[in-house]
Amino acid sequence: MNSKLTDRFSTVMLTTALFIVALMYLFPILWLLLSSLKPGSELFSYPLSIIPENPTVDGFVYSWSTMEFIKYFWNTLVVAIITTVLTVIASATCGYALAKYHYKWLNVFLICMLATTMLPTEVIMTPTFSVILDLGLYDSLSGLIIPSINTATGIFMFRQYFMTVPNDLIESARIDGANEGRIFFGLMLPIAKPVVITLAIFSFQWRWNDYIWPLIVLSDPNKYTVQIALRSLIGADNIDWVLLLSSSIISLVPMILIFIVFQRYIMDTGATSGLKG
């Protein structure tokens, strides 16, 4: 009886702690959303209030008519989609090789690759920018895409997942006459669907929210991504907070939609599909 009470008490305490942590994360988002519904006169009224007294969507209308969102969304979508597709393909092929091919030099390569995750982004930013300049990719969307394709995180995710796939499945495909390309694209990649979708969501989010690298590479306002466009709203002397808050909310909409559509796939598994017990 005491054990049941202890377990119930632990469950209640853990649930309460998780609820408090969730509120801590949601509060800034809620404040941002409610502040974007306030007219300019209420943003800095004293005392500050979370709930707007006179909620309005005029800020969103003003933001959409003032900012060239279609152009910035298009630039960001081009970068995010192309980078995501190439990242998934590159990470999957590399992860598959590391998991299913057994050569000593592959282990050395894996260690070197994982070592790069311990380096701050700022360390490799200067040499990467030098390469972009030498390739003539400065001030172009290609300069944002190419350096972002390979990610040690994605490669490691696929490697760990492919290691759980039985080798008998691959051997059966080879016996049936399938070549390596067909095995990978027709068998292994569909099996790794949860990792594909998870990495795609992460990669799209990384590229959509990327700020530092586009700030360095891009100088033409017509090629700005969403984050750089938002930064341009902050002037040296003053900030149009109504425009900034509303524009920030609009910039979050694509990420929210993507998460709602694809989040259910993250927990899916199917590494043993097609195998007989």
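Since the structure is predicted, the reported quantities are computational estimates derived from the model, not experimental observations.

K.L.:
Could you give me a rundown of the overall build of the protein, with the residues and numbers involved?
P.N.:
In terms of regular secondary structure, the protein is built from 14 helices and zero strands. Here the C-alpha radius of gyration of the protein, 24 Å, is well above what a compact globule of 277 residues would show, namely 19 Å. The principal-axis extent of the C-alpha atoms belonging to the protein is close to 75 × 70 × 30 Å. The burial tally for the protein puts 37% of its 277 residues in the buried class. In the protein, the proportion of contacts linking residues at least 24 apart, taken out of those at least 6 apart, comes to 73%. Total accessible area on the protein is roughly 17,100 Å²; 68% of this is exposed by carbon and sulfur atoms. The positive charge centre, built from 15 side chains, and the negative charge centre, built from 17, are 14 Å apart in the protein.

K.L.:
Before we move on, could you go through the environment of Phe204 and cite the residues and values that matter?
P.N.:
Checked against the element boundaries, Phe204 lands in helix H11 (residues 193–209). Assessed through its relative accessible area of 8%, Phe204 is described here as buried. As for Phe204 and Ala80, which are separated by 124 residues in sequence, their C-alpha atoms are 5.2 Å apart. The residues touching Phe204, leaving out its near neighbours within four places in the chain, are Leu77, Ala80, Ile81, Thr84, Met255 and Ile258.

K.L.:
Go over helix H3 (residues 58–66) with me, naming the residues and quoting the values.
P.N.:
Three or more residues of H3 are buried, namely Gly59, Phe60 and Ser63. The buried residues of H3 all sit within an arc of 95° when viewed along its axis, so they share a single face. Exposed side of H3, more than 90 degrees from the buried face: Asp58, Val61 and Ser65 are the residues found there.

K.L.:
Run through the packing of aromatic side chains, naming residues and quoting values.
P.N.:
The way to describe two aromatic rings as a pair is by their centre distance and the angle between their planes. All told, the structure shown has twelve aromatic pairs when counted by the stated rule. With a centroid separation of 5.5 Å and an interplanar angle of 10°, the aromatic rings of Trp64 and Phe69 are classed as stacked. The exposure class of Phe69 is buried, given its relative accessible area of 2%. Among the aromatic residues, those joined into a ring-pair cluster are Tyr96, Tyr101, Phe158, Phe162, Phe184 and Phe185. Stacked on the ring of Trp31, the Lys or Arg Lys38 has its end atom at 5.8 Å from the ring centre.

K.L.:
Go over the nonpolar core with me, naming the residues and quoting the values.
P.N.:
The biggest cluster of nonpolar side chains holds 30 residues, and the ones touching the most others in it are Met67 and Leu144. Contributions of two or more residues to this core are made by helix H4 (69–100), helix H6 (121–134), helix H7 (142–145), H11, helix H12 (212–217), helix H13 (226–231) and helix H14 (241–262). With six residues, the single largest contributor to this core is H14. In terms of nonpolar packing, the next biggest core, distinct from the first, is built from 20 residues, Val88, Leu169, Ala178 and Leu199 among them.

K.L.:
Describe in detail H14, supporting the description with residues and values.
P.N.:
What sets the pattern is the α-helix's 3.6 residues per turn: residues three or four places apart point alike. Relative to the 32 Å expected for 22 residues at 1.5 Å per residue, H14 spans 32 Å between its end C-alpha atoms, a close match to the ideal helical length. At Val253, H14 shows its maximal bend, which comes to roughly 30°, and the proline Pro254 appears one to four places after that position.

K.L.:
Describe in detail the packing of H4 against H11, supporting the description with residues and values.
P.N.:
Helix packing for two helices is described by the angle between their axes and how far apart those axes are. Relative to each other, H4 and H11 sit at 145°, their axes nearing to 8 Å. Between H4 and H11 lies a crossing whose hand is right-handed. Across the interface between the two elements, Phe73, Thr76, Leu77, Ala80, Ile81, Thr83, Thr84, Thr87, Val88 and Ser91 of H4 pack against Val196, Leu199, Ala200, Ser203, Phe204, Arg207 and Trp208 of H11. Of the residues that constitute the contact of H4 with H11, the class distribution is ten nonpolar, six polar and one charged.

K.L.:
Can you break down the UniProt feature "transmembrane region" (unreviewed entry) in the protein residue by residue, with the values?
P.N.:
Feature annotation in UniProt places "transmembrane region" (unreviewed entry) on residues 12–34, 72–98, 105–124, 144–162, 183–204 and 241–262, given in this structure's numbering. Between the C-alpha atoms that bound residues 12–34 there is a distance of 31 Å. The span itself is 100% helix and 0% strand. As annotated, residues 105–124 comprises 75% helix and 0% strand, and the C-alpha atoms at either end are separated by 24 Å.

K.L.:
Give me the pattern of salt bridges: which residues, what numbers.
P.N.:
Counting across every chain of the model gives four salt bridges. With its nearest N and O atoms 2.9 Å apart, the salt bridge here joins Glu180 to Arg174. For Glu180, a relative accessible area of 31% translates into the label partly exposed. A relative accessible area of 30% places Arg174 in the partly exposed class. Across the pair Arg207 and Asp210 runs a salt bridge, and its minimum N-O distance is 4.0 Å.

K.L.:
Describe in detail unusual backbone geometry, supporting the description with residues and values.
P.N.:
For Asp139, which is not glycine, the phi torsion reads 60° and is therefore positive. One can find Asp139 in the loop between H6 and H7. A residue is classified by how much of its surface remains accessible, and Asp139, at 17% relative accessible area, is buried.

The rules we used
- Residues numbered from 1 in each chain as written.
- Predicted model: local features only at pLDDT ≥ 70, side-chain atom pairs only at ≥ 80, totals over all residues.
- Heavy atoms only, no water.
- Helix = DSSP H or I, 4+ residues; strand = E, 2+ residues; numbered from the N terminus.
- Rg over C-alpha atoms; globule rule 2.2 N^0.38 Å.
- Buried < 20%, exposed > 50% of the residue type's maximum accessible area, 1.4 Å probe, protein only.
- Contact = heavy atoms within 4.5 Å.
- Areas by Shrake-Rupley, 256 points an atom, 1.4 Å probe, with all protein chains shown as cover.
- Lys, Arg positive; Asp, Glu negative; His and termini not counted.
- Charge placed at Lys NZ, Arg CZ, Asp CG, Glu CD.
- Arc of directions from axis to C-beta.
- Phe/Tyr/Trp six-rings, centres within 6.5 Å; stacked < 30°, edge-to-face > 60°.
- Lys NZ or Arg CZ within 6 Å of the ring centre and 35° of its normal.
- Core = buried A, V, L, I, M, F, W, Y, C linked by side-chain atoms within 4.5 Å.
- Expected span 1.5 Å × (residues − 1).
- Bend = angle between axes of the 7 residues up to and from the residue.
- Axes fitted to C-alpha atoms, helices over the stretch in contact; angles between N-to-C directions.
- Left-handed = near helix turned anticlockwise from the far one by under 90°.
- Nonpolar A, V, L, I, M, F, W, Y, C, P; charged D, E, K, R; others polar.
- UniProt positions renumbered as here; feature names shortened; annotations may be inferred.
- Salt bridge = Lys/Arg side-chain N within 4 Å of Asp/Glu carboxyl O.

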